[in-house]
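Summary of the model geometry
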Amino acid sequence: MRALLTVVVLVLCAACGTDQPGPEPRDPGRIRIASFDFPESRLVAELYARALRRAGLPVDVLSGLGTRELVAPALQQGQVDVVVDYTGSLLDHLGGDGTETHGTPEQVHAALQRRLAGRGLTALAYAPAEDANAFAVPTAYARAHRISRLSDLRRLAGGLTFGGPPECPTRRYCLQGLRDTYGLRFAGFRAQPSRAATATALESGDIGVGVLESTSGLLGTGQLTLLVDDLNLQPRENLVPVVRTDVVARYGPPFTSTLDAVSARLSSADLVRLNHIAAVNPVGPAEAVDAY
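Residues numbered from 1 in each chain as written. Predicted model: local features only at pLDDT ≥ 70, side-chain atom pairs only at ≥ 80, totals over all residues. Heavy atoms only, no water.

Points about the overall build of the chain
For the chain, the count of helices and strands is 13 helices and ten strands. In terms of overall dimensions, the chain is globule-like: its C-alpha atoms have a radius of gyration of 19 Å, near the 19 Å expected for 292 residues. Dimensions along the principal axes, computed over C-alpha positions, put the chain at roughly 60 × 45 × 35 Å. Buried residues in the chain amount to 49% of all 292 residues. Of the contacts formed within the chain by residues at least 6 apart in sequence, a portion of 73% connects residues at least 24 apart. Accessible surface, the chain as shown: approximately 12,900 Å² in total, 53% of it carbon and sulfur. For the chain, the separation between the mean place of its 28 positive charges and that of its 30 negative charges on side chains is 2 Å. (Helix = DSSP H or I, 4+ residues; strand = E, 2+ residues; numbered from the N terminus. Rg over C-alpha atoms; globule rule 2.2 N^0.38 Å. Buried < 20%, exposed > 50% of the residue type's maximum accessible area, 1.4 Å probe, protein only. Contact = heavy atoms within 4.5 Å. Areas by Shrake-Rupley, 256 points an atom, 1.4 Å probe, with all protein chains shown as cover. Lys, Arg positive; Asp, Glu negative; His and termini not counted. Charge placed at Lys NZ, Arg CZ, Asp CG, Glu CD.)

Re the packing of helix α2 (residues 39–54) against helix α12 (residues 268–280)
At a closest axis distance of 10 Å, the pairing of α2 and α12 adopts a crossing angle of 110 degrees. It follows from the interaxial angle that α2 and α12 lie roughly perpendicular. The two elements α2 and α12 cross, and the hand of that crossing is right-handed. Within the contact between the two elements, α2 uses E40, L43, V44 and L47 and α12 uses L271, L274, N275 and A278. (Axes fitted to C-alpha atoms, helices over the stretch in contact; angles between N-to-C directions. Parallel < 35°, antiparallel > 145°, perpendicular 65-115°, else oblique. Left-handed = near helix turned anticlockwise from the far one by under 90°.)

Things to note about the pairing of strand β1 (residues 31–36)
Taken across its six residues, β1 has six buried, putting it largely inside the fold. Residues I31, I33 and S35 line one face of β1 and the alternating positions R32, A34 and F36 line the opposite face, and both faces are buried. The pairing of β1 with strand β2 (residues 59–66) spans five bridges and is parallel. From the neighbouring strand, R32 faces β2, where its bridge partner is D60. Taken together, β1, α2 and β2 form a β-α-β motif whose crossover is right-handed. Two strands pair when backbone bridges link them, and β1 and strand β3 (residues 82–86) are joined in this way by two bridges, in the parallel orientation. Note that in β3 the partner of A34 across the bridge is V83. (Pairing = 2+ DSSP bridges. Right-handed = clockwise from strand over helix to strand, strands pointing away.)

Some points on the state of the cysteines
By the definition in use, this model includes one disulfide. Disulfide partner of C168: C174, at an S-S distance of 1.9 Å. Note on the C168 and C174 pair: the S-S dihedral is about -90 degrees, so by sign convention the disulfide is left-handed. Judged by relative accessible area, C168 falls into the buried class, the value being 1%. (Disulfide = S-S within 2.5 Å.)

Topic: helix α6 (residues 105–116)
Each α-helix turn comprises 3.6 residues. Residues three or four places apart therefore point the same way. Taking 1.5 Å of rise per residue, twelve residues should cover 16 Å, and α6 covers 16 Å from first to last C-alpha, within 8% of that figure. Tucked inside the fold, the buried residues of α6 contact α4 (87–93), α5 (98–101), β4 (121–123) and β10 (239–244). (Expected span 1.5 Å × (residues − 1).)

Concerning the sheet that holds strand β6 (residues 161–164)
Think of a sheet as strands paired side by side through backbone hydrogen bonds, with each pair either parallel or antiparallel. Here we have five strands laid out as an open sheet, ordered β7-β6-β8-β5-β9, and mixed in their pairing. Strands with a single pairing partner mark the edges of an open sheet, and in this sheet they are β7 (188–191) and β9 (224–227). This sheet shows a mean twist of 35 degrees between the axes of neighbouring strands, independent of strand direction. Of the strand pairs in this sheet, β6 and β7 are connected by four bridges, and their pairing is parallel. Looking at β7, one finds that T161 is bridged to G188. Relative to strand β8 (residues 209–213), helix α9 (residues 195–204) is tilted by about 145 degrees, and along the sheet it contacts β5 (133–138), β6, β8 and β9.

Notes on the nonpolar core
In terms of nonpolar packing, the biggest core is built from 53 residues, with I31, Y48, V80, L112, L239, F255 and L266 touching the most fellow members. With eight residues, α2 is the largest single contributor of residues to this core. Beyond its immediate chain neighbours, meaning those up to four positions away, I31 contacts L57, P58, V59, D60, D81, V82, V247, Y251 and F255. One finds L156, A157, C168 and V211 within the second-largest nonpolar core, a separate group that totals 22 residues. (Core = buried A, V, L, I, M, F, W, Y, C linked by side-chain atoms within 4.5 Å.)

Quick notes on the packing of aromatic side chains
For the structure shown, the criterion picks out six aromatic pairs. Judged by centre distance (6.4 Å) and plane angle (25 degrees), the ring pair of F162 and F189 falls under stacked. Taken as a pair, F162 in strand β6 and F189 in strand β7 lie far apart in primary sequence, 27 residues in all. For the ring pair Y251 and F255, a centre distance of 6.3 Å and an interplane angle of 45 degrees mean the geometry is tilted. (Phe/Tyr/Trp six-rings, centres within 6.5 Å; stacked < 30°, edge-to-face > 60°.)

Quick notes on the pattern of salt bridges
Counted according to the given criterion, the structure contains 16 salt bridges. Among the salt bridges present, the one from R53 reaches E46, with a minimum N-O distance of 3.4 Å. A salt bridge links D180 to R179; the nearest nitrogen and oxygen atoms lie 3.2 Å apart. Note on R179: relative accessible area 31%, which makes it partly exposed. Beyond isolated ion pairs, a larger network of salt bridges with shared partners links E46, R50 and R53. (Salt bridge = Lys/Arg side-chain N within 4 Å of Asp/Glu carboxyl O.)

Here you go:
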């Protein structure tokens, strides 16, 4: 917990111009993997950490550290060493344009590597597993209004409340993109603390449209329907470990080949199964990976 608080204080105060003391020196003998603050990221971080531990490497997991705006600077500043990110979203965060983020997986990965150059970071091999933002409505609503695509919401959005993460209104691939690409303007926005809360709010009627992942384990009940992204708003989103180059130099092939081997085997179906285990059973990431 102390290490986690150190990261948060460093990132939030990096540009505040005060005389706050710096963080405690990191332990160079341990590899720190950070995850974002949503369940799949926590699960994937634990999955990759397990592989490194089996290879005999010392690993700590900072689970649920925060959003990309918090985690990406922590990685670049050396407060964490590995983040399993999503290719298109990270490329967009680094300034990639729509062409770069919507190419083939190989093209998006190559563009990401170019953007990371000079930052002390490198993207290892990407996984076949891909998980993009997806937008869900209650299945009963979809059937009653005969909708299956995001474009179908144009005539309905004005009467619906949208639910998603707090940062959604300013994200290109969330509310901002729905407005710019699809022309969707909803009656209101209701921030949700988690994807599970979003699914519950959809099922209860508290919101009419919500953000879930395309590999969400919350979709198995049949009560929610994902709408097709028919205008291709979402970028390619293959999972990819982004690592500090000094850590690569320190640990060499045992480090990189272990992470690459996990990526090579990880499919979208694996993500669905992992997410389903975590959604059905109220357990932590480590226990969910054990069950998987």
